[in-house]
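What follows is the residue order along each chain.
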Amino acid sequence: MRAKIVGSIVLVGLLLFSMFMYAKPSGGEGKLEYKVYAKKDIISAAYKAYGNPKLGMWVAKVVLYNTGKGAIRNIKISYSIDTYSQQISKTYPILVPGGTLVDLYYPIISSDVTKLTMPTPSNLRIRIEYEVNGKKKTEEITKSLQILGIHDFIFSSLSPEESTGSFYDTFSNAPLIVAWVTTTDPVVREFADMGNRLAGGAGASLSDEEAIKSLSGIWQLAVVNGFSYKTEPSSYWTSKAAQHVMYPRDVIRDKSGTCLDLAIWFATLATTQGLKAYIVFMPGHAFPLIQLPSGSIIPVEATAINSKVSFQDAVKMGLQTWQKATQGPYQVIDIAEYQSDGIIPPELPQLPPNVLKEWGISAQTQGGGAEGGTGNQEEGGEWVIYNGNGFSFQYPANWQQPEDYGGYVYLVSNDAEFEFIVMYAQGYTVQDMVQSFEQTLQEGGITIKARKETQADIAGITAYAVLYSLSSQYGDFAAVARYFTSGGTAYAVIYDFPRNNQEYNQLGEQIVSTFRLG
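Read on for an overview of the structure. Model, not experiment: these values are computed from the prediction. (Residues numbered from 1 in each chain as written. Predicted model: local features only at pLDDT ≥ 70, side-chain atom pairs only at ≥ 80, totals over all residues. Heavy atoms only, no water.)

### As for the overall build of the protein chain
Consideration 1: Each helix and strand in the protein chain was counted, giving 11 helices and 26 strands.
Consideration 2: Burial statistics for the protein chain: of 518 residues in total, 48% are counted as buried.
Consideration 3: For the protein chain, restricting intrachain contacts to residue pairs at least 6 apart in sequence, the fraction spanning at least 24 positions comes to 63%.
Consideration 4: Accessible area of the protein chain: about 24,700 Å², with a carbon and sulfur share of 51%. (Helix = DSSP H or I, 4+ residues; strand = E, 2+ residues; numbered from the N terminus. Buried < 20%, exposed > 50% of the residue type's maximum accessible area, 1.4 Å probe, protein only. Contact = heavy atoms within 4.5 Å. Areas by Shrake-Rupley, 256 points an atom, 1.4 Å probe, with all protein chains shown as cover.)

Below is the structure:
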């Protein structure tokens, strides 16, 4: 027992001695050495990604070494980028002799970079403050960098020392390309909706068949308007792999784009219809993959728009491109995944509501006749907008105006064969709306013979959807309901029609495609 006590006293003594020696200023002096690694370019389109540490898009890395015999204390590292990022600082209490400290800079960049149209020089400023034996010292470092224009994209930010020269290092910035996928851009959505109407108002997220129909209509709209493929001007290319990348709205305006522009453009149009999309990079080429509601993937050779082929032929050509890609290095960029991680589009200038007309975009063929259509629109197919309580939708102009009964908006076709309904209630849940609608059916003497649950897109939201098979004393009919919540309000958007009447089914999806919140 006594030996144990003595042993404990010795251990405590050694511990106190070591703590004392650690805290006691040594006879030597700390000596700070450092290395600074900095990116030379910032991609303006992806400026929001740089401030998110989990994405790993650091702009500077400072490595501190203490090569002296004493401690270095009260270290403060400050960073700023002239004009575009205010100063931020980090502090560290101590760097022991022989120790190493690594600090990464993730800047919060001003949205002013979205106004740049050309690469703009700037300065990264780093200040290191510290104390050695009670004496304060300062190191200041300035690194030149350039803020790229809003359309400029470089495929890799790795320095020659970091890069192995492999395909994947050469395309290390590939995930940042999703900053160009502008699903919520009103101009892009309007173009997609126009193409969807050309296909007869297909509901892309309801089934593979409807998805193909919707994509075909969008593709046909581009063909009708003379869209084409163009190569990247060789004068733009520098010692780094770089490219001027157009946003989908720019492709629509110019009716042309490079393989990468067209891949982004068509992938974005697919996402507006509630479909998942991907962008594939392979040596010298890029193309989109579209995921159908069943989970099946179809590759699309977007550059085939130049040959004015059908969408089905573009898919056939896409299969050949995909097969070629898998025989060598390639990279698949999951748009939804990377955007959910924080790589989101920049703010783009607002465009006039009639800009598609100004750009000469029309659903009319060269012969002047409208393609597609539901067969239920008269007098040229003009539609008008109904503005409800926090939402809006469009409907044929020759129909009577919808009626709002307070939480229940009702629209009926002139022949009373088709009904469109919007139910809304604040504080309700999706399940509340489902029960309310289905109870209303039962109270009205309508039997639910079958119901199929699925998901469907509406107003950029993936909604819980139910396809109903119904029966009443007036005959058999079908209904499609989308249930969702937004801003504390629950919605049920429903249309019903005589069973097997595909014209009215397509019309319902066409009206749904115009539904907007706000």
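### Overview of unusual backbone geometry
Phi is mostly negative for residues that are not glycine, and the peptide bonds are mostly trans.
Consideration 1: Even without being a glycine, Asn74 presents a positive backbone phi close to 50°.
Consideration 2: Checked against the element boundaries, Asn74 lands in strand β4 (residues 72–81).
Consideration 3: Residue class for Asn74 comes out partly exposed when judged on its relative accessible area of 44%.
Consideration 4: The backbone phi angle of Thr83 is positive, close to 75°, even though this residue is not glycine.
Consideration 5: The residue Thr83 is located in the loop between β4 and β5 (85–95) in this model.

### Quick word on the nonpolar core
Consideration 1: With 103 residues, the main nonpolar core has Phe191 and Phe281 as its most contacted residues.
Consideration 2: When residues of this core are assigned to their parent elements, the largest contribution, 10 residues, is made by helix α6 (residues 259–272).
Consideration 3: Core analysis: the next-biggest nonpolar cluster, separate from the first, contains 26 residues, Tyr386, Phe391, Ile511 and Val512 among them. (Core = buried A, V, L, I, M, F, W, Y, C linked by side-chain atoms within 4.5 Å.)

### Observations concerning the sheet that holds strand β3 (residues 60–66)
Consideration 1: An order of β1-β3-β6 is seen for the three strands of this open sheet, with the pairing classed as antiparallel. One side of each edge strand has no neighbouring strand; the edge strands of this open sheet are β1 (32–38) and β6 (100–105). On average, each strand axis in the sheet is inclined to that of its neighbour by 15°, with strand direction left out of account.
Consideration 2: Judged from the seven bridges that link them, β1 and β3 form a sheet pairing that is antiparallel. Residue pairing for β3: Ala38 is matched across the bridge by Ala60. (Pairing = 2+ DSSP bridges. Axes fitted to C-alpha atoms, helices over the stretch in contact; angles between N-to-C directions.)

### A word on the pairing of strand β22 (residues 447–458)
Consideration 1: Sheet topology places β22 next to strand β23 (residues 461–472); 11 bridges connect them, and they run antiparallel. Note on β23: the bridge partner recorded for Thr454 is Ala465.
Consideration 2: Taking the residues that link successive antiparallel strands as the turn, the β22-β23 hairpin has two residues, and the phi of Ala459 there is positive, at about 55°.

### As for the pairing of strand β17 (residues 383–387)
Consideration 1: Bridge analysis of β17 against strand β18 (residues 391–396) gives five bridges, and the strand direction is antiparallel. Residue pairing for β18: Asn387 is matched across the bridge by Ser392.
Consideration 2: Remark: three residues form the turn of the hairpin made by β17 and β18, two consecutive strands paired antiparallel; Gly390 in that turn has positive phi of roughly 90°.

### Let's talk about the sheet that holds strand β14 (residues 285–291)
Consideration 1: Ordered by their spatial adjacency, four strands build an open sheet running β15-β14-β13-β16, and the pairing between neighbours is antiparallel. One side of each edge strand has no neighbouring strand; the edge strands of this open sheet are β15 (297–299) and β16 (331–334). Taken pair by pair, the neighbouring strands of this sheet meet at an average axis angle of 25°, ignoring direction.
Consideration 2: In this structure, strand β13 (residues 276–282) lies alongside β16, joined through four bridges in antiparallel fashion. From the neighbouring strand, Val280 faces β16, where its bridge partner is Val332.

### Regarding empty space enclosed by the protein
Empty space among the atoms can be located by rolling a probe the size of a water molecule over them.
Consideration 1: On inspection of all chains with the given rule, the structure shows one cavity of 30 Å³ or more.
Consideration 2: Taken together, 17 residues make up the lining of the largest cavity; nearest its centre are Thr272, Gln273, Asp457, Val512 and Ser513.
Consideration 3: Where the lining of the largest cavity is concerned, the elements lending two or more residues are α3 (186–198), β22 and α11 (502–513).
Consideration 4: Residue composition of the lining of the largest cavity, by class: five nonpolar, six polar and six charged. (1 Å grid on protein atoms, 1.4 Å probe; cavity = no way out; pocket = protein on both sides within 12 Å on 5 of 7 lines; lining within 4 Å. Points joined across faces, edges and corners; volume = space filled by probe spheres on them. Nonpolar A, V, L, I, M, F, W, Y, C, P; charged D, E, K, R; others polar.)

### Description of α11
Consideration 1: Here α11 contains 12 residues, and its C-alpha end-to-end distance of 16 Å stays within 8% of the 16 Å for a straight helix at 1.5 Å per residue.
Consideration 2: Counting buried positions over the 12 residues of α11 gives 10, a clear majority of the element.
Consideration 3: The N-cap of α11, judged by a side-chain oxygen 3.2 Å from the amide nitrogen of Glu503 a few residues on, is Asn501. (Expected span 1.5 Å × (residues − 1). Polar contact = N/O pair within 3.5 Å; in protein donor to acceptor, adjacent residues only side chain to side chain.)

### Some remarks on the packing of aromatic side chains
Consideration 1: Tallied over the entire structure, the rule returns 33 aromatic pairs.
Consideration 2: Between Tyr495 and Phe497, the aromatic rings sit 5.8 Å apart at their centres with planes inclined by 25°, giving stacked as the arrangement.
Consideration 3: Members of the aromatic cluster, connected to one another through ring pairs, are Phe153, Phe155, Phe167, Tyr168, Phe171, Trp180, Tyr247 and Phe281.
Consideration 4: The residue whose ring lies beneath Lys61 is Tyr37, and the NZ or CZ to ring-centre distance is 5.3 Å. (Phe/Tyr/Trp six-rings, centres within 6.5 Å; stacked < 30°, edge-to-face > 60°. Lys NZ or Arg CZ within 6 Å of the ring centre and 35° of its normal.)

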